[in-house]
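As a plain string of letters, each chain reads:
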Amino acid sequence: TCPAESILSPVQLHDSNKRDGSHAGSIMGMPLVHFHCQRLWSVRRSTFVPSGALGGMASRGRMHSSFGGSLKKLQVEEEQVAASSQPPQDLTNWGDAFKDAIQKLSIAEAAQDTQDRGMVLPGRESERKQISSFLRNAIRGVASGNDYDDSVRSKSSTIFIAGPPGTGKTATVKSLVHELKNDQYEGILPAFNFVSVNGMECRSPYDAYVKFWEELRREKLASQDAVHELENYFCGDGEKTNSVIVLLIDEIDYLNTNRETVLYNFFDWPLRATRARLVVIGISNTIDLPERLQPRVQSRIGGTRCNYQAYDVPQTIRIIKSRLGMSDESTPRCQVFDEDAIKFAAKKTANLSGDIRKAFRMCKAAAEAVYNDHISSGREPTSSAQPLVRIQDIQRHSKDAYTAVLKRAIRGLAVHEALLMVALGSLKKASGSEEIYFDQKDLLQKIRSMASASGERMYTEFRIQLEDVSNMVTNLAGHGLVAVR
């Protein structure tokens with residue numbers, strides 16, 4: 001039994017049983033009932049589990065809710081309302097202008113603008129148009145009728161996107177998904193669910209099945225059970241549904257196995273789907289990945305392609321200026337970057353790899369340094385002596401930013417990847433040239449020789465093969481540590 005007030009009165013939950021006198025006794029004239037919750041009943045585990053912080057419980061509830069898409073849209077709208085209610089920064093003031101520029105150059109801020117706010121990437125209009133056309137046709141083709149006849153099934157449901165790191169592949173797709181979700185809410189597009197799996201985040205290629213099924217059905221299974229359930233969900237004999245699943249597989253290179261079954265299954269299910277429709281977007285840093293696979297996988301993964309090229313100097317300048325609002329002449333703002341400094345950063349980025357994230361990092365580091373130096377000096381800026389990021393600032397801090405990224409990448413290398421880097425360094429030193437290219441067979445021979453000479457068990461217990469060298473080189477190229485020609 002429970003008192004009537006427990007049902008009729010407003011309730012406030014607390015994630016601790018510690019009571020104090022600060023809790024309100026009533027709200028709008030009604031008695032306020034306080035519940036102090038320490039444990040919750042888990043349906044999955046069939047037992048009580050610690051409740052944890054209420055904020056975490058609320059976020060998990062939103063994540064697993066069947067209204068997740070609507071809640072996400074509501075959250076974005078609330079953020080926009082909150083942002084519009086805040087007093088705007090005075091960008092004619094040098095301090096506010098520098099703070100705004102530093103925030104805009106943050107990688108996390110740029111990612112949020114594309115993924116959560118649907119910002120269009122400058123310089124990627126043609127690629128966006130191609131991917132948008134593919135996704136719209138695939139989603140509409142799925143929901144055009146209840147019967148999955150050959151004409152519907154034959155429509156392209158897979159696309160392979162490839163290009164160097166930091167060229168906007170994933171950002172373009174997620175920005176498009178945001179746009180398509182808005183069209184779905186307005187009734188322009190049929191309903192679809194979006195699921196994202198990153199191969200780099202999987203402990204083994206088979207974990208991709210686990211992550212996909214968990215995102216799809218909120219149930220965690222072993223990999224062999226997950227692949228069985230996925231096969232039945234898309235290609236089983238059960239009742240047909242109009243479900244449309246758009247699956248983004250990022251870093252698909254990491255899902256490659258000796259028999260290539262994981263990649264085959266993910267790109268084969270869209271062709272055999274009988275119950276629910278699957279649209280697959282595969283993203284890779286390796287443009288010729290399909291050609292390296294078996295013919296049966298090539299026929300499924302390489303149908304529709306979209307190749308990205310590294311950003312050139314004009315594109316990089318355009319992106320940085322757009323990001324900093326320098327292209328918007330309607331908003332008066334204090335100048336933060338000298339034009340020549342932006343050109344220098346763009347040229348340095350293009351010469352390194354064309355990864356736009358590196359341009360953001362070096363510009364952000366330079367702006368932070370100039371801002372901090374001016375603040376610490378205590379000098380008041382004048383109209384003739386305003387702080388400005390110049391070429392020498394970019395030059396001084398770009399090397400530090402690039403070196404820090406390389407150090408983080410090197411620290412995360414596996415044992416044999418580190419050995420491969422040491423082998424490359426040895427071959428380069430022996431050649432005496434500043435820039436030299438090696439065949440992977442020569443590299444394999446050098447790695448085996450060094451492993452044998454070291455006598456270390458961690459190198460000798462696994463005999464490395466040419467295929468392993470190829471996979472490691474691809475991974476290292478993705479981190480910007482080696483160049484592949």
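Up top is the structure these notes are about.
What counts, and where the lines are drawn
Positions within a chain are numbered from 1, following the residues in the order the chain's sequence is written. Local features in this predicted model are restricted to residues of pLDDT 70 or higher, and side-chain atom pairs are both shown and tallied only at a pLDDT of 80 or more, whereas totals for entire chains, interfaces and linings draw on every residue. To obtain the side-chain values, all non-hydrogen atoms of the structure were included, while hydrogens and water were left out. By the criteria applied, helices consist of DSSP H or I runs no shorter than four residues and strands consist of E runs no shorter than two, each listed in order from the N terminus. Here the term buried applies to any residue with accessible area under 20% of the maximum for its type, exposed to any over 50%, and partly exposed to those in between, with areas from a 1.4 Å probe on protein chains only. The contact rule is simple, with two residues in contact once any of their heavy atoms fall within 4.5 Å. All accessibility values rest on the Shrake-Rupley procedure with a 1.4 Å probe; residue burial counts only the protein chains present in the view. Every helix has an expected span of 1.5 Å times one less than the residues it contains. Here, strands pair whenever DSSP counts at least two bridges between them. Polar contact is the term for a pair of N or O atoms within 3.5 Å; when the atoms are in protein, one must be able to donate a hydrogen and the other to accept it, and sequence-neighboring residues count only if both atoms are side-chain atoms. We define a salt bridge as a side-chain nitrogen of Lys or Arg found within 4 Å of a carboxyl oxygen belonging to Asp or Glu.

Looking only at helices and strands, the protein chain features 20 helices and 11 strands. Split into buried and exposed, the 485 residues of the protein chain put 40% on the buried side. Considering only contacts within the protein chain whose residues lie at least 6 apart along the sequence, 69% involve residues at least 24 apart. Split by element, the accessible area of the protein chain, about 26,700 Å² in all, is 50% carbon and sulfur.

Below, the discussion takes up helix α10 (residues 223–235). Over its 13 residues, α10 runs 18 Å from end to end, which matches the ideal 18 Å to within 8%, given 1.5 Å per residue. In this structure, the buried side of α10 is in contact with α9 (207–217), β9 (244–250), α11 (261–272) and β10 (277–284).

The next thing to look at is the pairing of strand β7 (residues 158–162). Counting buried positions over the 5 residues of β7 gives 5, a clear majority of the element. A two-sided burial pattern is seen for β7, the buried positions comprising T158, F160 and A162 on one face and I159 and I161 on the other. Note that β7 and β10 share 5 bridges and pair parallel. What sits directly across from I159, in β10, is I281. Sheet topology places β7 next to strand β11 (residues 305–307); 3 bridges connect them, and they run parallel. Bridge pairing links F160 to R305 in β11.

On to the environment of Y311, then. Position of Y311 among the secondary structure elements: in the loop between β11 and α13 (313–324). With relative accessibility at 3%, the residue Y311 sits in the buried group. Apart from residues lying up to four places away in sequence, Y311 is in contact with L121, P122, R124, G166, T167, G168, T316, I319, A350, G354 and I356. Side-chain polar atoms of Y311 contact the side chain of R124, separated by 3.5 Å. A distance of 3.2 Å separates a polar atom in the side chain of Y311 from the backbone oxygen of T167.

Quick look at the pattern of salt bridges now. Summed over all chains, the structure comprises 17 salt bridges. The salt bridge partner of D183 is R136, with a shortest N-O separation of 2.8 Å. Remark: R136 occurs in helix α6 (residues 125–142) and D183 occurs in helix α8 (residues 169–185); sequence separation between them is 47 residues. Each member of the pair D183 and R136 is classed as buried. Here the salt bridges do not stand alone but share partners, grouping R128, R136, E179 and D183 into one network.

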